[in-house]
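Descriptive structure summary
Listed here are the chains, written in short residue letters.
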Amino acid sequence: MVQLLPLDERLERAAQLVIRSRIFFDIWFYYQGPTRSKIIDTMNEFSDFFRFDDHAHFVAFIIQAAALFDKHKGTISLPRLASEMKSGRLIAAADAAAVDALLAGAAPLARKVTILRSNLFAHRSALISYANAFRMAAVTPDQLRDLTELALRIANRLLLARGLRDLCRLLLERAPAV
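Not measured: the values here are computed from a predicted model. (Residues numbered from 1 in each chain as written. Predicted model: local features only at pLDDT ≥ 70, side-chain atom pairs only at ≥ 80, totals over all residues. Heavy atoms only, no water.)

1. Points about the pattern of salt bridges
- Across all of its chains, the model carries nine salt bridges by this definition.
- In this structure, D100 and K86 form a salt bridge, with 2.5 Å as the shortest nitrogen-oxygen distance. Of this pair, D100 sits in helix α5 (residues 93-121) while K86 is found in helix α4 (residues 78-87), placing the two residues 14 residues apart along the sequence.
- With relative accessibility at 32%, the residue D100 sits in the partly exposed group.
- Residue classification places K86 among the partly exposed residues on the basis of a relative accessible area of 33%. (Salt bridge = Lys/Arg side-chain N within 4 Å of Asp/Glu carboxyl O. Helix = DSSP H or I, 4+ residues; strand = E, 2+ residues; numbered from the N terminus. Buried < 20%, exposed > 50% of the residue type's maximum accessible area, 1.4 Å probe, protein only.)

Structure representation (structure tokens):
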């Protein structure tokens, strides 16, 4: 039988995925959102950099966000961790119910992100055009942000159930000066 990493270590890795996915989203949204008009001159001056950096952050976000909700065995994902904690009675019933509700709310958004990951970025479909994959996903930037916020809430519940630090503090902490 394959030996999984310790549960707490997998929870902390999932927390890192949540943090990274949100950072990748925030950088991509900085380029594509309302701030774009303020930085467009710089983006035009260094067009090759910004064209590829924008895309790289979006792809990284999609892959990280999809990984958070992957249900395959042997993956570090929020549904797998929640299921393991519930089956091992490692989470209080009220917390488990809250996590289940959050996972249910995230599921439709996670499916949209998975459409993009599975057809465009992790596996490039030979059947679906880039534009059609986005039409199939029918996802908005607000929904992508919502998914990261749901992931944060799920991860926090799971971390706190194990007595680990929650992500709200992790996101606000800065590395000590060297």
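2. Re the packing of aromatic side chains
- A complete count under the given rule lists 12 aromatic pairs for this structure.
- Ring centres 5.0 Å apart and planes at 85 degrees place the aromatic pair F49 and F50 in the edge-to-face group.
- F50 sits in the buried class, given a relative accessible area of 14%.
- The structure contains a cluster of three or more aromatic residues connected by ring pairs, namely F25, W28, F29, F58, F61, F121, Y130 and F134.
- Here the basic side chain of R145 rests over the ring of F29, its NZ or CZ set 4.5 Å away from the ring centre. (Phe/Tyr/Trp six-rings, centres within 6.5 Å; stacked < 30°, edge-to-face > 60°. Lys NZ or Arg CZ within 6 Å of the ring centre and 35° of its normal.)

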